[in-house]
Amino acid sequence: MKAIKKINTFAIALPIVLLVSSLLLGEGAILLALLSTMVTGFIQFSIGVKMLVDNPRNRSMQTYMIGVAFFFGLWFLNNLIGYNNSLTYVLFPIPLILAIYLSIIIYKKI
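Scope of this entry: the structure provided in the associated data block. (Residues numbered from 1 in each chain as written. Predicted model: local features only at pLDDT ≥ 70, side-chain atom pairs only at ≥ 80, totals over all residues. Heavy atoms only, no water.)

## Describing the overall build of the chain
Then, number 1: If you tally the helices and strands in the chain, you get five helices and zero strands.
Then, number 2: Going from N to C terminus, the chain has its helices and strands arranged as α-α-α-α-α.
Then, number 3: When the backbone C-alpha atoms are referred to their principal axes, the chain occupies close to 45 × 40 × 15 Å.
Then, number 4: When the 110 residues of the chain are sorted by exposure, 30% land in the buried category.
Then, number 5: In the chain, of all internal contacts separated by at least 6 residues, the share reaching a separation of at least 24 is 56%.
Then, number 6: Looking at the chain as shown, the accessible area adds up to about 7,600 Å², and 75% of this sits on carbon and sulfur atoms. (Helix = DSSP H or I, 4+ residues; strand = E, 2+ residues; numbered from the N terminus. Buried < 20%, exposed > 50% of the residue type's maximum accessible area, 1.4 Å probe, protein only. Contact = heavy atoms within 4.5 Å. Areas by Shrake-Rupley, 256 points an atom, 1.4 Å probe, with all protein chains shown as cover.)

## Focus on the pattern of salt bridges
Then, number 1: Enumeration according to the criterion identifies one salt bridge in this entry.
Then, number 2: In this structure, Lys50 and Asp54 form a salt bridge, with 2.3 Å as the shortest nitrogen-oxygen distance. Highlighted residues: Lys50 and Asp54, both in helix α2 (residues 27-54), separated by four residues, approximately one helical turn. (Salt bridge = Lys/Arg side-chain N within 4 Å of Asp/Glu carboxyl O.)

## Regarding helix α3 (residues 59-80)
Then, number 1: Between its first and last C-alpha atoms α3 spans 31 Å; for 22 residues at 1.5 Å apiece the expected length is 32 Å, and the two agree.
Then, number 2: All buried positions along α3 are accounted for by Met61, Tyr64, Met65, Gly67, Val68, Phe71, Leu74 and Asn78.
Then, number 3: Among the structural elements, α2, α4 (85-91) and α5 (93-109) are those in contact with the buried residues of α3.
Then, number 4: Following α3 by one or two positions, Gly82 adopts a phi angle in the positive range, close to 85°. (Expected span 1.5 Å × (residues − 1).)

## A look at the nonpolar core
Then, number 1: One finds Ile47, Met51 and Tyr64 to be the most contacted residues of the largest nonpolar core, which totals 18 residues.
Then, number 2: Put simply, the parts of the chain that give this core at least two residues each are α1 (2-25), α2, α3, α4 and α5.
Then, number 3: In terms of residue count, the dominant contributor to this core is α3 (six residues).
Then, number 4: Discounting chain neighbours no more than four positions away, the residues touching Ile47 are Ile4, Ile7, Asn8, Leu102 and Ile106. (Core = buried A, V, L, I, M, F, W, Y, C linked by side-chain atoms within 4.5 Å.)

## Let's talk about α2
Then, number 1: Taking 1.5 Å per residue as the helical rise, α2 with its 28 residues ought to reach 40 Å, and the 41 Å between its terminal C-alpha atoms agrees with that figure.
Then, number 2: Taken residue by residue, α2 has Ala29, Ala33, Ser36, Thr40, Ile43, Gln44, Ile47, Gly48 and Met51 as its buried positions.
Then, number 3: Tucked into the core, α2 has its buried residues touching α1, α3 and α5.

## Remarks on the packing of aromatic side chains
Then, number 1: According to the stated counting rule, one finds three aromatic pairs in the structure shown.
Then, number 2: Ring geometry for Phe71 and Phe72: centres 5.0 Å apart, planes at 70°, overall edge-to-face.
Then, number 3: We classify Phe71 as buried; its relative accessible area is 14%.
Then, number 4: Ring centres of Phe71 and Trp75 lie 5.9 Å apart, and the angle between their planes is 35°; on these two criteria the pair is classed as tilted. Taken together, the positions of Phe71 and Trp75, both in helix α3 and four residues apart, correspond to about one turn of that helix. (Phe/Tyr/Trp six-rings, centres within 6.5 Å; stacked < 30°, edge-to-face > 60°.)

Below is the structure:
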């Protein structure tokens, strides 16, 4: 579980460090910071799957996975209807909320 905590900390710190480094490296680092949020999402999703497989009855992990499925379902729906502005605005905070929620779960267990 300590390894999961370290991996999660790295995944969350990566975009923040890249964003702060943009002061020295310029605008290219901002783009890298934005792209690294996808890496963070993939790492966190992988951690969530592993934790759910290890403990399938954990309600917190089930809720996290339902949230992930809800996000991708809304994203797919938004694509089908041609990107409705209201739905797009709803989609923006969901990854941040999921990242915070999974981090709380991880740090509570340790």
